[in-house]
Amino acid sequence: MVYGIIFGANSYEHEISIVSAVVLKKVLKAQKKFIFCDDKKEFYLIDEAKMNAKTFSSGAYKKEKQLILKQGGFFIKNLLGDKKVEVDMMINIVHGKDGEDGKIAALLDFYGLKYIGPRLEASVLSFNKIFTKLYAKSVGVKTLDYKVLNLHQDKNENINFPCILKPARLGSSIGISIVKNEEDFKYAKDIAYEFDDDIVVENFISNIKEYNLAGCMINDEFCFSMIEEPKKNEILDFEQKYLGFSESNKISEADISEELKQKLKDNFSKIYNPLFKGALIRCDFFVIDDEVYLNEINPNPGSLANYLFEDFTQIINTLAKNINLEKQIKIDYKFLHNINGQKGKL
């Protein structure tokens, strides 16, 4: 199995996607080809030996072979004809806009490429925190109460302090603020509005228990990771999230009861099936008074949450073998032929 790792693209999380791809170079024990999408939406085939931070920060990636995407795969531009990049399965590791919002998924479906990652509908619902809450409610999963602020319809909402502000369509803890008074609230809104026109506001609960669980469905059975209780300050901020996974270290499983483990898995299953089939996702949960609440869905988690699995490569290989192309509709033009055979042709 040869994997094509797609990463980068035009997003506030562009650099985090690069880090994820570099980590996969180390932890995914399989043949890999790295396909980088730069901020101009140009694709490049990056030699595995050059998969390091300097290749991208220096712009040296532009010296690599440029690719075009068309029916059947990625191709190297060539004067004597385009040469196909031979890949069996794509992995979408583009974080944020372009990757998690469904654009890459739509392209891969449109051009007939198999891939590990959320499909279009799943991407749309998990990328927007407002849609995520509505989706969770529809499948019987609890979320924290919230309010939505909009840049163009900003009202004098009755906000309780302390609260937490989150841009609706952004991950990696970017633009998030904990607010304890009215003065801080105005400043935090300005920060969040730099990234998104919509802001989700939730009550901030100090020392809330938080647990992360990753997994996928293979042959109608769930494959779960271990459950992580992330170490954090007031919130799990950018540095705590990504300095950790960039080192690709294994972690210890959360010390919780079997009953709570099962509750987390049950809630994950409701979120995952059937919308996220074909993807490996991570769900982040809160636990309050032994009740489970969804915090967010990570449809393309950092480095595919490899650190949560005992045998990450086996999970990916098994998942890949169970992914099929989208069903194609047979077009026979029967209706147009009938019109053509009648008087007063169209």
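Numbering of residues starts from 1 in each chain and follows the order in which that chain's sequence is written. Per-residue local features are limited, in this predicted model, to residues with pLDDT of at least 70; the limit for side-chain atom pairs, both in listing and counting, is 80 or more; totals at the level of whole chains, interfaces and linings are taken over all residues. Side-chain measures here rest on the full set of heavy atoms in the structure, leaving out hydrogens and waters.

In the annotation of an unreviewed UniProt entry, the entry for the chain reads D-alanine--D-alanine ligase, and the organism field reads Campylobacter volucris. One UniProt comment on the chain, placed under Catalytic activity (unreviewed entry), says "2 D-alanine + ATP = D-alanyl-D-alanine + ADP + phosphate + H(+)". UniProt positions are given in the numbering used here, feature names are shortened, and annotations may be inferred rather than shown by experiment. Listed under Sequence similarities (unreviewed entry) in UniProt, the entry text for the chain is "Belongs to the D-alanine--D-alanine ligase family."

Enquirer: Even after reading the chapter, I still don't get the pattern of salt bridges, so can you show me in this structure?
Expert: When a carboxyl oxygen of Asp or Glu lies within 4 Å of a side-chain nitrogen of Lys or Arg, that pair is called a salt bridge. On inspection of all chains with the given rule, the structure shows 19 salt bridges. Here lysine 133 and glutamate 202 are joined by a salt bridge, their closest N and O atoms 2.7 Å apart. With lysine 133 in helix H5 (residues 129-138) and glutamate 202 in strand S13 (residues 198-203), this pair connects stretches of sequence that are 69 residues apart. Only protein chains enter the accessibility calculation, which uses a 1.4 Å probe. A residue is then buried if its area is under 20% of the maximum for its type, exposed if over 50%, and partly exposed in between. You can call lysine 133 buried: its relative accessible area is 6%. Classification of glutamate 202 by relative accessible area gives buried; the value is 4%. Secondary structure counts use DSSP, requiring at least four H or I residues in a row for a helix and at least two E residues in a row for a strand, with both numbered from the N terminus.

Enquirer: I'm lost on the pairing of strand S5 (residues 73-76) in this one. Help?
Expert: The two faces of the sheet receive side chains in turn, since in a regular strand these alternate between them. Bridge count between strand S4 (residues 65-70) and S5: 4 bridges; the pairing is antiparallel. By the bridge assignment for S5, isoleucine 68 is matched with phenylalanine 75. Strand pairing requires that DSSP identify at least two bridges connecting the strands. Joining the antiparallel neighbours S4 and S5 is a turn of 2 residues, in which glycine 72 adopts a positive phi near 100°. Summarising the sheet, S5 and strand S6 (residues 83-84) pair through 2 bridges and their orientation is antiparallel. Along S6, the bridge assignment pairs isoleucine 76 with lysine 83.

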